[in-house]
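Remarks on the overall topology
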Amino acid sequence: MNSTPVPPRGRPSLHVVQVIGGGSARVCAHVRSLAAGLVARGVRVTVCAPPGTEPDYGFTRLGARFVPLTGRTDPEAVTALRAVCADADVVHAHGLRAGMPAALALCGRRRTPLVVTWHARTQAVGARARLMWLLERRVVRAARVVFGTTSDLVDRARRHGARDARLAPVSVPVPRAERDGPSARPSGAPVPGQPEEADGAREKTRAELGVTGRPLVLAVGRLAPRQGHTTLLTASRAWRRLDPQPLLAIAGEGPARPALQRRIEAEELPVRLLGRREDALELLAAADVAVLPARWEGRAVVAQEALRAGVPLVATAVGGLPELVGDAALLVPYGDARALADAVGGLLGDPARRRRLAAAGRVQAATWPSEDDTVTQALSVYDELAPGR
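Below: a short report on this structure. Each residue is numbered by its place in its chain's sequence as written, counting from 1. Only residues with pLDDT of at least 70 are given local features in this predicted model, and only at 80 or more are side-chain atom pairs given and counted; all residues enter the totals for whole chains, interfaces and linings. Side-chain metrics rest on all non-hydrogen atoms present in the structure, leaving aside hydrogens and water.

Focus on the overall build of the chain
The cut-off we apply is this: A run of H or I in DSSP becomes a helix once it reaches four residues, and a run of E becomes a strand once it reaches two; helices and strands are each numbered from the N terminus. For the exposure calls, accessible area comes from a 1.4 Å probe over protein chains only, and a residue counts as buried if that area is under 20% of its type's maximum, exposed if over 50%, partly exposed in between. Contacts: residue pairs with any heavy atoms within 4.5 Å of one another. Methods summary: accessible areas were calculated by the Shrake-Rupley approach with a probe of 1.4 Å, and residue burial reflects only the protein chains presented.
When helices and strands are tallied, the chain shows 16 helices and 13 strands. Burial status across the chain gives 51% buried among its 389 residues. Within the chain, residue pairs in contact and separated by at least 24 positions form 65% of the contacts whose partners lie at least 6 positions apart. On the chain, roughly 17800 Å² of surface is accessible, and the fraction owed to carbon and sulfur atoms is 51%.

Structure follows, in structure tokens:
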């Protein structure tokens with residue numbers, strides 16, 4: 001049920017422009033959820049995003065207007081965004097790549113407030129890190145309100161001089177099958193909390209991966225240096241001594257794949273690179289332990305999905321992960337292969353502890369904000385910033 005009523009007849013509806021600078025699946029899914037909730041509450045929504053996002057996320061099917069945007073900050077792109085925002089009551093940019101063109105488009109329009117949601121921290125180094133620091137500062141200071149998805153991002157926005165920085169946790173939208181119950185669940189899909197119905201799908205997935213009579217450790221993420229896969233491979237060397245020996249499966253694609261594959265073959269590691277997969281939820285349901293060894297994560301999608309699915313998680317104690325998972329996962333220092341190996345190995349040898357973590361994960365997931373909570377928070381800020389519309 002929507003917590004905010006549709007505007008009374010005769011009162012103009014609020015017009016909110018949502019700006020996406022890149023094609024991040026996490027950001028696009030969040031904006032799609034936000035747009036759906038706002039439209040249902042009588043808000044007029046325009047989504048400005050890269051052209052390829054509309055076929056995948058169907059913003060227009062939700063009742064929003066879609067305007068393709070390159071995400072560049074050149075004069076032509078800024079001019080196009082300025083025209084879209086001409087009658088906007090609020091402009092809400094998601095990420096720094098969206099925040100800069102939005103800030104430039106609103107220059108001279110003090111009556112049109114800019115809201116920026118900071119979803120993730122940049123991982124740049126050297127000269128690029130300095131450039132990104134300046135970009136962060138410019139965008140944060142241009143915004144009337146900055147939403148940080150984690151406490152450390154809120155603190156960082158305040159250090160940059162944000163006028164108003166607030167915590168706004170963003171959860172992955174719950175799959176329809178979980179919201180609507182068994183009747184909406186596709187045949188063969190895992191059923192959280194009902195192991196007897198999920199066993200068939202789980203064993204089928206494990207058989208396809210070649211995991212028979214041995215544990216499955218799963219990592220999901222882009223194959224890039226900051227994701228910590230080098231540390232993960234080092235940790236996997238210790239698991240060769242376990243009996244039965246677990247298989248580490250890594251789902252994802254990226255520039256680090258060739259180097260990782262060469263190391264796997266050279267050291268004969270019990271690791272399999274799965275490439276890009278569309279069945280991450282099924283893979284998680286089949287895993288004995290999920291691992292997230294990244295250098296920085298906010299409200300990581302894989303961490304949320306693992307806890308919701310009741311899969312024990314070992315992750316690095318970085319960014320927003322500690323506040324996301326609480327005591328429902330094992331946290332280790334980033335880059336510490338021994339700590340990672342010991343944590344995973346300990347869980348594989350202790351089924352009772354895995355069950356406790358699985359139960360704790362579902363309890364923790366129930367504390368996260370719902371999609372309705374997220375929409376309500378955003379709409380309250382919009383109304384606060386545009387009271388005279």
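Next comes the rest of the write-up.
A word on the packing of helix H9 (residues 229-239) against helix H14 (residues 337-348)
Quick note on the threshold: Note on geometry: axes are lines fitted to C-alpha atoms, helical ones only across the stretch in contact, with angles between N-to-C directions running from 0 to 180 degrees. Each angle gets one of four labels, with under 35 degrees taken as roughly parallel, over 145 as roughly antiparallel, 65 to 115 as roughly perpendicular, and the rest as oblique. Left-handed is the label given to a crossing in which the near helix is rotated counterclockwise from the far helix by less than a right angle, and right-handed is the label when the rotation is clockwise. As a working rule, the residues Ala, Val, Leu, Ile, Met, Phe, Trp, Tyr, Cys and Pro are called nonpolar, Asp, Glu, Lys and Arg charged, and the rest polar, with Gly in that last group.
Packing of H9 against H14 leaves a shortest axis separation of 8 Å and a crossing angle of 50°. Taken together, the axes of H9 and H14 lie oblique to each other. Handedness of the crossing formed by H9 with H14: right-handed. Listed contacts from H14 to Thr231, Leu232, Thr234, Ala235, Ala238 and Trp239 of H9 are Ala337, Leu340, Ala341, Val344 and Gly345. Here the residues of the contact of H9 with H14 sort into eight nonpolar, three polar and no charged.

Overview of a positive patch on the surface
Our working rule: Exposure above 30% relative accessible area and the absence of a salt bridge qualify a residue for a patch, where like charges join within 9 Å and nonpolar side chains (Val, Leu, Ile, Met, Phe, Trp, Tyr) within 5 Å. By definition, a salt bridge exists where a carboxyl oxygen of Asp or Glu is found within 4 Å of a side-chain nitrogen of Lys or Arg. Positive charge is attributed to Lys and Arg, negative charge to Asp and Glu, and no charge count is given to His or to the chain ends. Charged side chains are reduced to one point each, which is NZ for Lys, CZ for Arg, CG for Asp and CD for Glu.
A cluster of basic residues, Arg222, Arg226, Arg276 and Arg295, forms a positive patch on the protein surface. Mapping arginine 226 onto the fold places it in the loop between strand S8 (216-220) and H9. On the accessibility criterion, arginine 226 (36% relative accessible area) is partly exposed.

Considering unusual backbone geometry
With omega at 0°, the peptide bond leading from aspartate 243 into proline 244 counts as cis. Mapped onto the fold, proline 244 is located in the loop between H9 and strand S9 (247-251). Residue glutamate 268 is not a glycine yet carries a positive backbone phi of 55°. Its place among the elements puts glutamate 268 in the loop between helix H10 (257-267) and strand S10 (271-275).

Let's talk about the sheet that holds S9
Applied cut-off: Between any two strands, pairing holds if DSSP finds at least two bridges.
An order of S10-S9-S8-S11-S12-S13 is seen for the six strands of this open sheet, with the pairing classed as parallel. In this open sheet, the two edge strands, each paired with only one partner strand, are S10 and strand S13 (330-332). Along the sheet, successive strands turn relative to each other by an average axial angle of 20°, direction set aside. Bridging between S8 and strand S11 (residues 289-292) involves three bridges; their strand directions are parallel. The partner of leucine 218 across the bridge, within S11, is alanine 290. In the packing of H9 onto the sheet, the strands contacted are S8, S9, S10 and S11, and the crossing angle to S9 comes to about 165°.

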